[in-house]
Amino acid sequence: MDWKPRAAALADLATHPVSPWWAPVAETPRHLLVPRWFTPGPDGWTPREGAADEVAWAAAAYADTTLVTRVGSVHADQAEPGRVTVGRPTSSSTLPSLVVSMLEHGRLAPGMRLLDVATGSGYSAALACHLLGDEMVTTLDVDAYLTRAAAGRLERVGCRPDVVTADASELPGVFDRIVSMVSMPRIPASWLRGLAPKGRLVTTIAGTGLIITADKTPDGGAVGRVEWDRASFMATRAGADYPPVLDELFTVASQEDGEVHQSPFPVLDVMQAWEVWSMLSLTAPGIEHRIGTGDDGARLTWMLHPDGSWARARTAPGEHTTTVHQGGPRRLYDILDAIRRHWLKHGELPVYGARVAITPDGETTLSRSGWTARL
C-alpha cells in the first residue's frame, strides 16, 4: 500500500502544515496499527480484515474517523470473520484530529516525559514518539491483550515507547504531562502525585463533552479550566466490558404512565447538544439516553438512571411542546427542563470556560458565573 500520500492528506485534515504534529501524522502508517476493526450495522458490529481489501483498509485508516477495535469483550483481532458481534464499543483508534487536539492541549515539547493514558491502537503513542522520542513516552491500558498487540505494532512502525498494562489510576512513574484518551469520572489523586512540578494534565470527564486542562501547583493540587472546544471518549472500565444497559428499566419507561405533564420545549437529542448534555451529566450523573421516532413521525426520547428513575417524552409531528411521563425516585426530565430554561434565560450554560481547581486528593471543582460543580 502506498500509504505516505494518504498519511500526508490526513495530516492536512487533522492539523496544519506549521504544527509540530503535522510531521508525526504524515509519517505514521496508521493502517499498520489498525489491521482489523469493526463496522456498525443494524444487527451489530461486523469485523473487517484490512489485508483482505486494501482499498477499504486505506480508506478507513486514513480518514479522520474513529475505528472501533473492540466490542464488549471481543477484540477485532479475535472476532470470527463474518460473524456479527452485539455490544458496545470498548476500545478504538480515535479519530486523528481529536488525538492531535488532546496532545496539543498537553503543550508538549522535546524533553518532556509523557504518560499517554489508554493505549488503544497505539496511534497517540506513535505520534508522541515521533515528537518526543521513544524513551520519553509511556502508554498504558487496562487490557493486557491490547497492550501486547499495540506494543508489537508500534515496534513494527519503528516506535518503542514503554507500554504498561495497568488501571488508569496506577501511574508507573512521574511525568511532565499526562494526556488521557479515555474519559475519567474524576481526577485520580495518583495523577497529582505522578505529575512533576509544573506538570500538566489533560483529560475528558465521563458522561460529558468537557476537556479539562490543569497545571500542577506548589501545594500538590492543580488549577486550570474547561476548554472551549469539546470532546468525548469512552469511559474507563475495570472489567472486560461496561455494566449492562438498563433494558428492564427501558421496558418500564416505555409502558408505564407514571406522572404526566406537558413540557414547553420539543424533544431534544440530549447527547448531540453538548452543552446541555454536559451540564445535565454534572447535575445528575449516570443517565442513559435513548431516542426514537414513532410510527407517526413523533420524536421520542427516554432517560434512564440506575437508581430506578425514568422519563419518557414525545413531541407529536408539527408540535413544539412535549408530553412527558416520569417515574422513580427523581424527576429526570424536570432536571433537563431546568437546564434548558437556564440556557434560554442566560444565553449560555456555564460549563465551557469554567475554572478548574483540583486539590491534592483529586477533588475537582468547576466554577463560573456563580455556578459550581464538584466531581
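In what follows, the structure referred to is the one given above.
On a predicted model such as this, the values are computed, not experimentally measured, just so you know. (Residues numbered from 1 in each chain as written. Predicted model: local features only at pLDDT ≥ 70, side-chain atom pairs only at ≥ 80, totals over all residues. Heavy atoms only, no water.)

Asker: Sorry, what's going on with the overall build of the protein here?
Answerer: The helix and strand inventory of the protein stands at 11 helices and 20 strands. A globule of 375 residues ought to have a C-alpha radius of gyration of about 21 Å, and the protein, at 22 Å, matches this closely. On the principal axes, the C-alpha backbone points of the protein span a range of 60 × 55 × 35 Å. Expressed as a percentage of the 375 residues in the protein, the buried residues total 53%. (Helix = DSSP H or I, 4+ residues; strand = E, 2+ residues; numbered from the N terminus. Rg over C-alpha atoms; globule rule 2.2 N^0.38 Å. Buried < 20%, exposed > 50% of the residue type's maximum accessible area, 1.4 Å probe, protein only.)

Asker: Would you mind going over unusual backbone geometry with me for this structure?
Answerer: The phi torsion of most residues other than glycine is negative, and most of the peptide bonds are trans. The residue Arg107 is not glycine, and still its phi comes out positive at about 50°. Structurally, the position occupied by Arg107 is in the loop between helix H5 (96-105) and strand E6 (114-117). Notably, Ser369 is not glycine yet its phi reads approximately 55°, a positive angle. With respect to the secondary-structure elements, Ser369 resides in the loop between strand E19 (364-368) and strand E20 (371-374). A residue is classified by how much of its surface remains accessible, and Ser369, at 70% relative accessible area, is exposed.

Asker: What is the right way to look at the pairing of strand E16 (residues 310-315) in this model?
Answerer: Put simply, side chains in a regular strand alternate between the two faces of the sheet. Extensive coverage of E16 is indicated by the burial of five of its six residues. As paired strands, strand E15 (residues 299-304) and E16 are joined by six bridges and run antiparallel to one another. Within E16, the position partnered with Leu300 by the bridge is Arg314. From the end of E15 to the start of E16, which pair antiparallel, there are five residues, and Gly308 there has a positive phi angle of about 95°. Pairing analysis gives five bridges linking E16 to strand E17 (residues 322-327), with the strands arranged antiparallel. Counted as the bridge partner of Trp310 is Gly327 from E17. Remark: six residues form the turn of the hairpin made by E16 and E17, two consecutive strands paired antiparallel; Gly318 in that turn has positive phi of roughly 80°. (Pairing = 2+ DSSP bridges.)

Asker: Where do I start with helix H4 (residues 54-61) in this structure?
Answerer: An α-helical segment advances 3.6 residues per turn. Residues three or four places apart therefore align on the same side. Buried residues of H4: Trp57, Ala58, Ala60 and Ala61, and no others. Projected onto a plane normal to the axis of H4, the buried residues spread over an arc of 165° and lie on a single side. Summarising the contacts, the buried residues of H4 are in contact with helix H1 (4-14), helix H3 (30-33), strand E1 (36-41) and strand E3 (67-71). (Arc of directions from axis to C-beta. Contact = heavy atoms within 4.5 Å.)

Asker: Hey, could you run me through the packing of aromatic side chains in this one?
Answerer: For any pair of aromatic rings, the description consists of the separation of the ring centres together with the inter-plane angle of the planes. Considering all chains together, one arrives at two aromatic pairs under this definition. Pairing Phe250 with Trp302 gives two aromatic rings, centres 5.1 Å apart and planes at 70°, and the pair type is edge-to-face. With a gap of 52 residues between them, Phe250 in helix H9 (residues 247-255) and Trp302 in strand E15 connect regions that are remote in the sequence. According to the relative accessible area criterion, Phe250 is partly exposed, its value standing at 22%. Above the plane of the ring of Tyr123 lies Arg30, whose end atom (NZ or CZ) is 5.5 Å from the centre. Taking NZ or CZ as reference, Arg290 lies 4.5 Å from the ring centre of Phe250, over its face. (Phe/Tyr/Trp six-rings, centres within 6.5 Å; stacked < 30°, edge-to-face > 60°. Lys NZ or Arg CZ within 6 Å of the ring centre and 35° of its normal.)

Asker: Just checking my understanding: could you explain empty space enclosed by the protein for this structure?
Answerer: Sizing a probe to match a water molecule and rolling it over the atoms shows the empty space that remains. In this structure the tally under the stated criterion is one cavity of 30 Å³ or more. Computed from the structure, the largest cavity encloses a volume of approximately 80 Å³. If you trace the largest cavity, you find it lined by Leu33, Arg36, Thr69, His75, Ser91, Gly120, Ser121, Leu146, Ala149, Ala150 and Arg153. Among the elements that make up the lining of the largest cavity, the one with the highest residue count is helix H7 (residues 144-156) (four residues). Here the residues of the lining of the largest cavity are counted per class, giving four nonpolar, five polar and two charged. (1 Å grid on protein atoms, 1.4 Å probe; cavity = no way out; pocket = protein on both sides within 12 Å on 5 of 7 lines; lining within 4 Å. Points joined across faces, edges and corners; volume = space filled by probe spheres on them. Nonpolar A, V, L, I, M, F, W, Y, C, P; charged D, E, K, R; others polar.)

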